Amino acid sequence: MSGAAKFKNNVKVSERHGAGEWLIERILLVALLPLGLWVASTGFTLASAGYDAAMAWFANPLNAVLMAITAVIFFGYVSLAWKVILEDYVPNVGTRGLLVLLLNVVFLVLAAASVFFIVRLALGSAPLPAGFGA
């Protein structure tokens, strides 16, 4: 057990390592803001375009790389945000650790799947295997 709790201005000082995670969240958010605006404007632009125009857009290497970076940053940010929520509202340490691990795996799989499908689109492959869902 640790020593006596430390207080500053009658408020308990955190004994954890949350400052680093807070800084990483802010950095990811600052990176995500312009990328999110870019994705939104692209979505509005491609909404009225046809399949060929969308495939041509993804064929541009800059667009594909920026979209993959956006996906990775987004899922990293969401992963950290959910970790903070779980740490705040799940009292049982074992359950909290298991949920954080599970969510990290889920967001890692989603980021990997996003990058995989973006690369497939950029290379001109169909987004799903032929006959899938038919």
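These numbers were taken from a predicted model, which means no experiment stands behind them.

About the thresholds
- Residues numbered from 1 in each chain as written.
- Predicted model: local features only at pLDDT ≥ 70, side-chain atom pairs only at ≥ 80, totals over all residues.
- Heavy atoms only, no water.
- Core = buried A, V, L, I, M, F, W, Y, C linked by side-chain atoms within 4.5 Å.
- Buried < 20%, exposed > 50% of the residue type's maximum accessible area, 1.4 Å probe, protein only.
- Helix = DSSP H or I, 4+ residues; strand = E, 2+ residues; numbered from the N terminus.
- pLDDT = per-residue confidence, 0-100.
- Phe/Tyr/Trp six-rings, centres within 6.5 Å; stacked < 30°, edge-to-face > 60°.
- Axes fitted to C-alpha atoms, helices over the stretch in contact; angles between N-to-C directions.
- Parallel < 35°, antiparallel > 145°, perpendicular 65-115°, else oblique.
- Contact = heavy atoms within 4.5 Å.
- Nonpolar A, V, L, I, M, F, W, Y, C, P; charged D, E, K, R; others polar.
- UniProt positions renumbered as here; feature names shortened; annotations may be inferred.
- Arc of directions from axis to C-beta.
- Salt bridge = Lys/Arg side-chain N within 4 Å of Asp/Glu carboxyl O.

## A word on the nonpolar core
Here is a general trend for soluble globular proteins: nonpolar side chains tend to be buried in one another's company.
Moving on, step 1. Core analysis: the largest hydrophobic core is formed by 11 residues, namely Trp 38, Leu 46, Met 55, Trp 57, Phe 58, Ala 64, Met 67, Ala 68, Ala 71, Ile 118 and Leu 121.
Moving on, step 2. Those elements giving two or more residues to this core turn out to be α1 (18-47), α2 (51-59), α3 (61-89) and α4 (93-122).
Moving on, step 3. With 4 residues, α3 is the single largest residue contributor to this core.
Moving on, step 4. Judged by nonpolar contacts, the second largest core, of 5 residues, contains Leu 28, Leu 32, Leu 35 and Leu 80.

## Overview of the confidence of the model for the protein chain
Moving on, step 1. Per-residue confidence for the protein chain averages 86 on the pLDDT scale, and 84% of its residues sit at or above 70.
Moving on, step 2. Of all the helices and strands in the protein chain, strand β2 (residues 11-12) carries the lowest mean pLDDT, 66, while α3 carries the highest, 95.

## So, the packing of aromatic side chains
Any pair of aromatic rings gets described here by the distance separating the centres and the angle formed by the planes.
Moving on, step 1. In this structure the tally under the stated criterion is 5 aromatic pairs.
Moving on, step 2. Summarising the aromatic geometry, the rings of Phe 116 and Phe 117 are spaced 5.2 Å apart at their centres and angled 75 degrees between planes, so their arrangement reads as edge-to-face.
Moving on, step 3. By way of ring pairs, the aromatic residues Trp 38, Trp 57 and Phe 58 are connected into one cluster.

## Considering the packing of α2 against α3
Moving on, step 1. Between α2 and α3, the shortest axis-to-axis distance is 5 Å and the interhelical angle comes to 80 degrees. Compared by their axis directions, α2 and α3 come out roughly perpendicular. Here Trp 57, Phe 58 and Ala 59 of α2 lie close against α3, whose contacting residues are Pro 61, Asn 63, Ala 64 and Met 67.
Moving on, step 2. Split by residue class, the contact of α2 with α3 holds 6 nonpolar, 1 polar and no charged.

## Considering the UniProt feature "transmembrane region" (unreviewed entry) in the protein chain
Moving on, step 1. As recorded in UniProt, the feature "transmembrane region" (unreviewed entry) lies at residues 27-51, 63-86 and 98-119.
Moving on, step 2. Helix and strand shares over residues 63-86 are 100% and 0% respectively, and the end C-alpha atoms of the span are 34 Å apart.
Moving on, step 3. Between the C-alpha atoms that bound residues 98-119 there is a distance of 32 Å. The span itself is 100% helix and 0% strand.

## So, α2
Moving on, step 1. Of the residues making up α2, those classed as buried are Met 55, Trp 57 and Phe 58. Along the axis of α2, the buried residues cluster in a sector spanning 155 degrees; they form a single face.

## Brief notes about the pattern of salt bridges
Moving on, step 1. Scanning the model with the defined rule gives 3 salt bridges in all.
Moving on, step 2. Linking Glu 25 and Arg 26 is a salt bridge whose minimum nitrogen-to-oxygen distance equals 3.1 Å.
Moving on, step 3. For Glu 25, a relative accessible area of 10% corresponds to the buried category.
Moving on, step 4. In this structure Arg 26 comes out as partly exposed when scored by relative accessible area, which is 33%.
Moving on, step 5. Residue Lys 83 pairs with Glu 87 through a salt bridge whose shortest N-O separation is 2.9 Å. Taken as a pair, Lys 83 and Glu 87 lie in helix α3 at a separation of 4 residues, close to a single helical turn.

## Side note on the side chain of Glu 21
Moving on, step 1. Structurally, Glu 21 can be placed in helix α1.
Moving on, step 2. On the basis of relative accessible area, Glu 21 is assigned to the buried category, the value being 17%.
Moving on, step 3. Those residues within four positions of Glu 21 in sequence are excluded, and the remaining contacts are Leu 80, Lys 83 and Glu 87.

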